[in-house]
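Fold and contact review
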Amino acid sequence: MDLCHIRTLILLAASGTSILAGPLKAAEKSIVIDRAPHKIQGKNTFQKTFSAQINPTEFALLFEQDLKKQSSGGYWNVHINDKQLGRLEAHIPQIGTDDKPDGFHRIGFAVPANALKEGENSLTITGRGQPAVLRNFVLDPRPLKQALQLETVTVRVKTPAGPPVPARITVVNDRGQLVKLYNARQPKNAVRPGILYTLGTGDSFELPPGKYTFYATRGMEWGVARLSVEVDKMQPLDFTLVISREVDTTGFLACDSHIHTLPGSGHGNATFEERVITIAGEGIEVAIATDHNHISDYTKYQKTAGTQSHFHSISGDEVTTHNGHFTAFPFDPAQAVPGGVQGRNPLFLKNDNWGELIADMRKKGAEVIILNHPYWPSIPNGPFGRFRFNRSTGKRSDGTAFNFNGFEVAQPANETPDFFYALEDWMSLLNRGLKLTAVGATDSHTIHSPVGQARTYLRSHTDEVSQIDRKEVYRAFTEGRAAVAAGIFANLKLNGQFEMGDLVPAESLLDNSQKHTSKMTATLRVAAPSWVRPREAMLYVNGKQVAQKTIHSVSNQPTDQTLEFSLELPPHDAYLVAFVLGDGITLPGWTTYGKASQAITNPIFLDIDGDAKYSAPRATAKTLISNYQKQHGKLIPALQEKLLNSTAVKADSAIHLHVEDLLKQSTDQQP
């Protein structure tokens with residue numbers, strides 16, 4: 001090549017460089033789009049025009065947002081010139097967060113090369129999400145990674161023995177706020193601001209410089225790993241969090257019987273792929289898919305994610321009406337849902353007749369039917385309120401028979417005045433003679449709301465997920481061989497051998513040497529991880545508290561205590577249950593369920609009269625009235641008063657209540 005050609009190439013290269021340098025220099029300064037705060041809610045969206053030049057490289061859109069509540073199926077979508085950059089995600093306040101800051105978070109979105117045009121451009125935020133306030137919109141001419149000085153963080157979670165374990169990683173800043181995790185690069189995870197569900201093998205994401213605390217949890221059977229870190233630019237972080245199993249639940253399976261997805265239910269924000277990761281990350285072993293009037297199947301998503309060994313899934317349905325919701329399972333995903341048609345169904349079924357719907361559930365294969373959140377949306381407007389439920393006698397003035405298997409006694413959607421409210425209503429129904437299993441479930445619709453925060457522990461012959469017997473799962477629900485847990489695990493036994501769901505025969509309650517006894521021994525095992533503090537254990541016979549003990553838990557140490565109670569033998573057939581209360585959970589990642597931790601055991605039934613069966617207090621009351629009538633004839637007011645004051649009736653307050661109620665009904669029905 002001669003010298004002339006070389007000079008020509010140099011000139012061309014130089015001129016090309018100057019042509020490219022022109023727009024880059026013009027775009028070196030940030031563009032302030034709008035500093036003022038703007039509230040978006042309902043149909044009120046955001047739109048702003050601004051002048052710019054074509055961006056030959058990635059730019060960054062930076063602004064501050066105050067969005068505290070998670071959207072349910074609807075989102076605010078961010079666009080520049082009709083190019084979607086992403087969507088707004090809530091930074092949900094955590095318990096214990098510093099309340100001095102104004103709640104705004106500085107976030108950013110990547111603006112792809114050539115998304116801007118010469119002259120007038122448009123920034124729009126449209127959609128339909130929760131109310132939010134946005135301010136300080138700035139277009140930065142650098143790529144997002146440079147504009148926010150993002151640095152890579154890689155996290156693994158493992159057991160002390162070494163293998164990786166699914167978990168939830170929660171990340172908060174120095175003010176205790178959930179922070180946005182940028183560019184998560186592992187496909188087998190579920191990510192939201194401050195939350196990353198992982199299989200533990202290693203996930204990477206990016207954070208701006210700052211001080212953060214990382215928490216690794218795996219539901220209430222596991223401890224917590226905490227690590228404070230400082231992220232600096234140009235210094236990638238790579239670390240492992242170690243969590244240990246702290247609660248032994250051998251012989252029981254952790255089940256959440258009320259779980260949703262966005263594709264299946266039409267609201268919420270968890271995809272099927274994300275949902276199976278969250279279930280594994282919370283240590284649930286039996287997961288019931290219960291989308292609204294839709295039968296979902298997790299199994300194919302489990303295979304893709306590799307979570308088959310972590311939990312067993314069962315296809316169910318939340319049969320949803322304006323007259324109450326029911327969890328029912330199992331169902332065949334290829335068949336029509338109860339009360340509807342095969343495929344996508346409306347959020348609310350037209351038919352709200354419980355009797356017809358429950359019959360259809362049974363016909364379509366349901367072996368377990370559970371009444372969901374009976375106090376939602378409020379006590380007066382929930383199923384109990386609409387049926388004019390009498391909290392003393394368990395009577396419903398309206399509505400059909402309660403011919404389901406149980407109801408959700410512990411559930412985040414249950415808005416009740418105190419922690420005893422749902423327990424007392426359940427025991428009132430037991431006293432009336434209904435055999436209803438107490439159930440714990442979450443109704444989780446989102447990634448933020450932890451699956452299994454309220455759960456049911458089911459008696460099982462195996463602890464291996466691959467060996468789970470579905471029939472045994474169904475029997476545990478229908479026979480009451482289960483315990484409710486919201487942070488605390490409890491297991492009740494009587495006389496060392498009888499467990500929840502058992503009928504204790506009369507001969508087992510007698511002293512063989514004397515053929516009679518007035519005492520029985522109940523043992524209650526209470527266990528909780530180091531971040532939960534059980535405080536008090538109470539025993540109830542026929543709905544009346546008969547014993548109480550303080551649990552001497554130690555801060556930041558697991559609890560595993562077996563409490564022994566010596567109880568008076570009831571005068572009539574009875575049931576025995578335990579209720580455990582503990583402190584509210586303030587650990588980031590587990591702060592959404594109520595203001596207390598708790599556990600409820602299902603009944604152990606006592607055959608006091610030796611007829612080889614259990615009679616509820618109302619049935620016993622009917623028998624006492626009938627026997628008295630045989631002895632005295634017509635029960636005039638004086639005889640009624642005498643019956644109510646008799647030793648047999650006064651010995652049990654529940655029986656006394658029902659004798660009184662039955663006598664009043666009899667009097668009211670007389671001409």
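Fair warning: this is a prediction, and the values are worked out from it, not measured in the lab.

1. Overview of the environment of L663
Checked against the element boundaries, L663 lands in helix α13 (residues 653-669). For the pair L663 and L635, spaced 28 residues apart in sequence, the C-alpha to C-alpha distance is 8.8 Å. With near-sequence residues (within four places) excluded, L663 lies in contact with I625, L635, Q640, L643 and L644.

2. Focus: the pairing of strand β8 (residues 119-127)
When strand β3 (residues 46-52) meets β8, the two strands line up antiparallel, connected through seven bridges. Bridge pairing links F46 to I125 in β8. Direction of pairing for strand β5 (residues 76-80) relative to β8: antiparallel, over a ladder of five bridges. Along β8, the bridge assignment pairs W76 with G127.

3. Regarding helix α4 (residues 272-281)
Of all 10 residues in α4, nine are buried, a share of seventy percent or more. Turning to α4, its buried residues are F272, E274, R275, V276, I277, T278, I279, A280 and G281. Two residues or fewer after α4 comes G283, characterised by a positive phi angle close to 70 degrees.

4. Notes on the nonpolar core
In terms of nonpolar packing, the biggest core is built from 100 residues, with L88 and L494 touching the most fellow members. Ranked by residue count, the leading element in this core is strand β31 (residues 519-528), at six residues. Residues contacting L88, with those up to four places away along its chain left out, are I40, F63, Q65, L67, Y75, W76, V78, I107, F109, I125 and L134. Formed by 43 residues, the second largest nonpolar core is a distinct cluster that contains V319, I369, L429 and Y575.

5. Description of the sheet that holds β8
What links the strands of a sheet is backbone hydrogen bonding, and the strands pair in either a parallel or an antiparallel sense. The antiparallel open sheet is built from four strands, whose spatial order is β3-β8-β5-β6. Each of the sheet's edge strands pairs with one partner strand only, and the pair in question is β3 and β6 (83-87). On average, adjacent strands in this sheet sit at an angle of 20 degrees to one another, irrespective of strand direction.

6. Re the sheet that holds strand β16 (residues 225-231)
One open sheet holds the five strands; their spatial order is β12-β13-β11-β15-β16, and the pairing between them is antiparallel. In this open sheet, the two strands that pair with only one neighbour each are β12 (189-192) and β16. Here the strands of the sheet are splayed against their neighbours by 15 degrees on average, with no regard to which way each runs. Of the pairings in the sheet, the one linking strand β11 (residues 167-173) to strand β15 (residues 210-217) comprises six bridges and is antiparallel in character. Residue pairing in the sheet places V172 in a bridge with T213 of β15.

7. Regarding helix α8 (residues 421-432)
Side chains that are three or four residues apart share a direction in an α-helix, a result of its 3.6 residues per turn. Over its 12 residues, α8 runs 17 Å from end to end, which matches the ideal 16 Å to within 8%, given 1.5 Å per residue. Counting buried residues in α8 gives 10 out of 12 residues, a clear majority hidden from the surface. Buried within α8 we find Y421, A422, L423, D425, W426, M427, S428, L429, L430 and N431. Positive phi appears at G433, one or two residues downstream of α8, with a value of about 115 degrees.

8. Regarding the environment of A110
Its place among the elements puts A110 in strand β7 (residues 105-111). Between the C-alpha atom of A110 and that of N136, which follows or precedes it by 26 residues, the distance is 16 Å. Setting aside its immediate chain neighbours within four residues, A110 contacts E58, F59, L85 and L144.

9. Observations concerning the pattern of salt bridges
Pairing is possible between side chains that carry opposite charge, provided their charged atoms lie close to one another. Applying the stated rule across the entire model yields 23 salt bridges. Across the pair K145 and E206 runs a salt bridge, and its minimum N-O distance is 2.9 Å. Of this pair, K145 sits in helix α2 (residues 144-147) while E206 sits in strand β14 (residues 203-207), placing them 61 residues apart in sequence. Using a relative accessible area of 38% as the deciding quantity, one classes K145 as partly exposed. In this structure, R481 engages E479 in a salt bridge whose closest nitrogen and oxygen atoms are separated by 2.9 Å.

So, how was this worked out
- Residues numbered from 1 in each chain as written.
- Predicted model: local features only at pLDDT ≥ 70, side-chain atom pairs only at ≥ 80, totals over all residues.
- Heavy atoms only, no water.
- Helix = DSSP H or I, 4+ residues; strand = E, 2+ residues; numbered from the N terminus.
- Contact = heavy atoms within 4.5 Å.
- Pairing = 2+ DSSP bridges.
- Buried < 20%, exposed > 50% of the residue type's maximum accessible area, 1.4 Å probe, protein only.
- Core = buried A, V, L, I, M, F, W, Y, C linked by side-chain atoms within 4.5 Å.
- Axes fitted to C-alpha atoms, helices over the stretch in contact; angles between N-to-C directions.
- Expected span 1.5 Å × (residues − 1).
- Salt bridge = Lys/Arg side-chain N within 4 Å of Asp/Glu carboxyl O.

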